[in-house]
Amino acid sequence: MSKTFPLYDTTKSNEWYARAVKVIPAGVYGHLGSAEGLFIPVNRWPRFAEKAQGSYFWDVDGNRYIDYMCAYGPNVLGYNDPDVDAAALEQLKLGNCTTSPGKVMVECAELLTDTVATADWAFFAKNGNDATQGAILTARAHTHRKKLIFFKGFYHGVSPMVQKIDYPGVTPEDVANNIYLPWDNIELFKQTVEENKGEIAALIAQPYDHGNFYDNKYPMEGFWKEIRRICTENEIVLIIDDVRAGFRLDLQGSDHYFGFEADIICFCKALANGYNMSAFCGKDFLKGAAAGLSYTGSYWMSSVPFAACIACINKMKAIDAPALFRKLGTELTEGLKKTAAENGFDLVVSGAPALFYLRIANDDSLMLHQEWIAECVNRGAFFASHHNHFINASLTHEDINLTLEIADDAFKTVAKNHPELF
Amino acid sequence: MTDQKTMAYINLYAVLGTLENLCELAPEASALLKNKKPISIGFDVKGGPSATLTFANGRCRMEQGCDKCQVKLPFSSPEKFNGLIDGTVTPIPSKGFTHLSFLLKQFTPLTDLLNKYMRPDPEDLKDPDFFRISTTLMLYTIGVAIAQIGNNDEIGKFSASNIVDGSVKLGVKDGPAVEIRCKDHRLLALKHVPETFRASMMFDSIETARALFEGTVNALECVGTGKVEMRGLASMLDNVNRILDRVAIYLA
């Protein structure tokens, strides 16, 4: 017997949004907002959170959501993880943002270099964009070259140089040295390197194609090995943007997971379970270039996030987090596919189980998918319309079962709304 | 960051092309054409667009090319043609001298009327019919301008290169709409309500549409408040919206 769930009332969320829009551009700008976050339709989604715990957050109306976005990644162990929070609070009593950085920064760098396969050093900042930008600057400083290769579908942050020519505020000059190539085309990569010999500073890429709006794709067999070889032969710095996938596939880095070594690897989301920090780590030959950068920030060496990071990484090691994420992600996505099929839906799951991407393929417009996602969200399972999701370590078998029951109710509702299709 | 060639395409297809809809929607426009013999005027821009406007039975239609026009207005460059729209260039026909009176007595008043609806006096907008016609014409002009920018402007072409095949519906709930059809990254705007589409961006009212066109409200805020509803292939909308941003630069 399938279960039905009441629809959430989001009145207070909308009231807070009405206040927000008066004093904050777009009310909530960026990926957490309704436009970029694709809240379709907006009245079915929460806008503001009241509190969070483990795999759940509660909105300002008091509705509880199983959170499969995990704050878009940072929630890796569960909200308010007691071990991470205890380490952070202990450090807070000692000091946080101080004139001399705390020694905990050194301990954090030592842990990262011991953990991450390619890391001989670690450079700390705050957001993923700081890490990717720092990596590119390091590559350019080292090579004295200006061109960069990107794989289409990329997202490497918000600096003008990694945005696109048609984005607001970006000038043609900002992106004049960017070369965009399709994912998984080694021949074209080879040819491009040949045509720009001695001019390419770096390739910056995600470890697999986890772009938005389309099914995520793993690299074809031998792809990274060959790209690594070409980069090495041509002295192109190979940067892996592991901001999104980092530590969810492999604690040694996603390059290690795919069997190659990056020259620089960028981390952020899963580093410290929500405490704000990022890092880019690199090989020894790039350490001097990184040292010479004019690149710093008021909060980049704050101690609390370092303490949280150490506790977070140690705990991820202790529980073998990547294996747990694979197991939980597989259980969830297999269950979702089965539930979809039972209701006549073709649910396509792609990407790593820890970062699963969902798409209903019954229509070619994704409108059915958007309707199903909204029905899930409005019943308490928070998925995103067109972004990969995130598994966190506090997720339980019971949480997954509840999610599948909500998904089933949502599928049935969408099917009922479309008698012409089902 | 605009270019004259793209501007010429916009001026011809999006601005003068809206005469089609003006004659349909505004009674005073069709009245100007009443009991007049059919006539066609060709605009031939060297290094740019070419199209013919045909006026017959109180209606107007635009077609590509000007091989069969009765009055031909040649322009030596996109800049010269854009000068016609700005009022800084007076065209000299290369054929059809016997029909010149139409240019003066009907065509110029029609373009003046178009201007009245496209750049209206705030007082005129208090009339609901005027408001509706004016906003509908703006929607059509913007829709066609999106296609022209996506096909001609360098940055617009980059956006179009990321649009997959299919149609986007852009319009007002229970009101007028345009279909932006994409095939192999070339865009075509059709001024009608499409039956099928892969993505849509709908304004909840004609008032919201106008406020957005005039820039008095923010589009992202309207998405947040539900005054603008997006559905379907978000990547199509994302890239059409990037071109839409450029429409304001050209039509400012």
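These numbers were taken from a predicted model, which means no experiment stands behind them. (Residues numbered from 1 in each chain as written. Chains lettered and ligands numbered in written order. Predicted model: local features only at pLDDT ≥ 70, side-chain atom pairs only at ≥ 80, totals over all residues.)

Moving on: the domain arrangement of chain B. Residue and element names in this part refer to chain B. With domains assigned, chain B is organised as domain 1 (4-118) and domain 2 (124-251). Using only C-alpha atoms to locate each centre, domain 1 and domain 2 end up separated by 24 Å. Contact with domain 1, which involves 16 residues of that partner, is made by 15 residues of domain 2. Put simply, the parts of the chain that give the side of domain 1 that touches domain 2 at least two residues each are α1 (4-15), α2 (19-25) and α5 (100-118). Top contributing element to the side of domain 1 that touches domain 2 by residue count: α1, with eight residues. Here the residues of the side of domain 1 that touches domain 2 are counted per class, giving 11 nonpolar, four polar and one charged. (Domains from an automatic or database assignment. Contact = placed C-beta atoms within 7 Å. Helix = DSSP H or I, 4+ residues; strand = E, 2+ residues; numbered from the N terminus. Nonpolar A, V, L, I, M, F, W, Y, C, P; charged D, E, K, R; others polar.)

Once that is clear, we can look at the interface of chain B and chain A. Facing the 21 residues of chain B at the interface are 22 residues of chain A. Counting only elements with at least two residues in the side of chain B that touches chain A, the list comes to α7 (154-160), α9 (219-225), β9 (228-232) and α10 (234-251) of chain B. Ranked by the residues each element gives to the side of chain B that touches chain A, the list is headed by α9 of chain B, at five residues. Classifying every residue of the side of chain B that touches chain A by side-chain character gives eight nonpolar, seven polar and six charged.

It is worth spelling out helix α2 (residues 82-94) of chain A at this point. Residue and element names in this part refer to chain A. With 13 residues, α2 extends 19 Å from end C-alpha to end C-alpha; this agrees with the ideal 18 Å at 1.5 Å per step. Those residues of α2 not exposed but buried are V84, A87, A88 and Q91. Take α2 and look down its axis: the buried residues cluster within an arc of 95 degrees, on one side only. Opposite the buried face of α2, by more than 90 degrees, sit the exposed residues P82, L89, E90 and K93. Buried residues belonging to α2 abut α3 (104-115) and α9 (303-318). Directly beyond the C-terminal end of α2, a positive phi value near 150 degrees is found at G95. (Expected span 1.5 Å × (residues − 1). Buried ≥ 20, exposed ≤ 12 C-beta atoms within 10 Å, placed from the backbone. Arc of directions from axis to C-beta.)

Before going further, it helps to examine the sheet that holds strand β2 (residues 50-56) of chain B. Residues and elements named next belong to chain B. Spatially, the four strands line up as an open sheet ordered β3-β2-β1-β4, and their pairing is mixed. Because the sheet does not close on itself, it has two edges, and the strands there are β3 (59-64) and β4 (71-75). When strand polarity is set aside, the average angle formed by the axes of neighbouring strands in this sheet is 15 degrees. Sheet analysis places strand β1 (residues 39-45) next to β2, joined by six bridges and oriented antiparallel. The residue bridging I39 from the neighbouring strand is F55, located in β2. (Pairing = 2+ DSSP bridges. Axes fitted to C-alpha atoms, helices over the stretch in contact; angles between N-to-C directions.)

Residues and elements named next belong to chain A. Domain annotation for chain A reports domain 1 (11-79 + 321-417) and domain 2 (82-318). With 20 residues of domain 1 in contact, the opposing surface of domain 2 contributes 20 residues. If you list the elements that add at least two residues to the side of domain 1 that touches domain 2, you get α10 (321-342), β11 (347-350) and β12 (357-360). Residue contributions to the side of domain 1 that touches domain 2 peak at three residues, all from α10. Considering only residue class, the side of domain 1 that touches domain 2 consists of 12 nonpolar, seven polar and one charged.

Residue and element names in this part refer to chain A. Of the two faces of strand β9 (residues 264-267), the one carrying I264 and C266 and the one carrying I265 and F267 are both buried. Inspection of the sheet shows strand β8 (residues 237-241) paired to β9 by three bridges, in the parallel sense. Bridge pairing links I239 to I264 in β9. Pairing geometry for β9 and strand β10 (residues 278-282), over four bridges, is antiparallel. Across the sheet, residue C266 finds its bridge partner in β10, namely F280.

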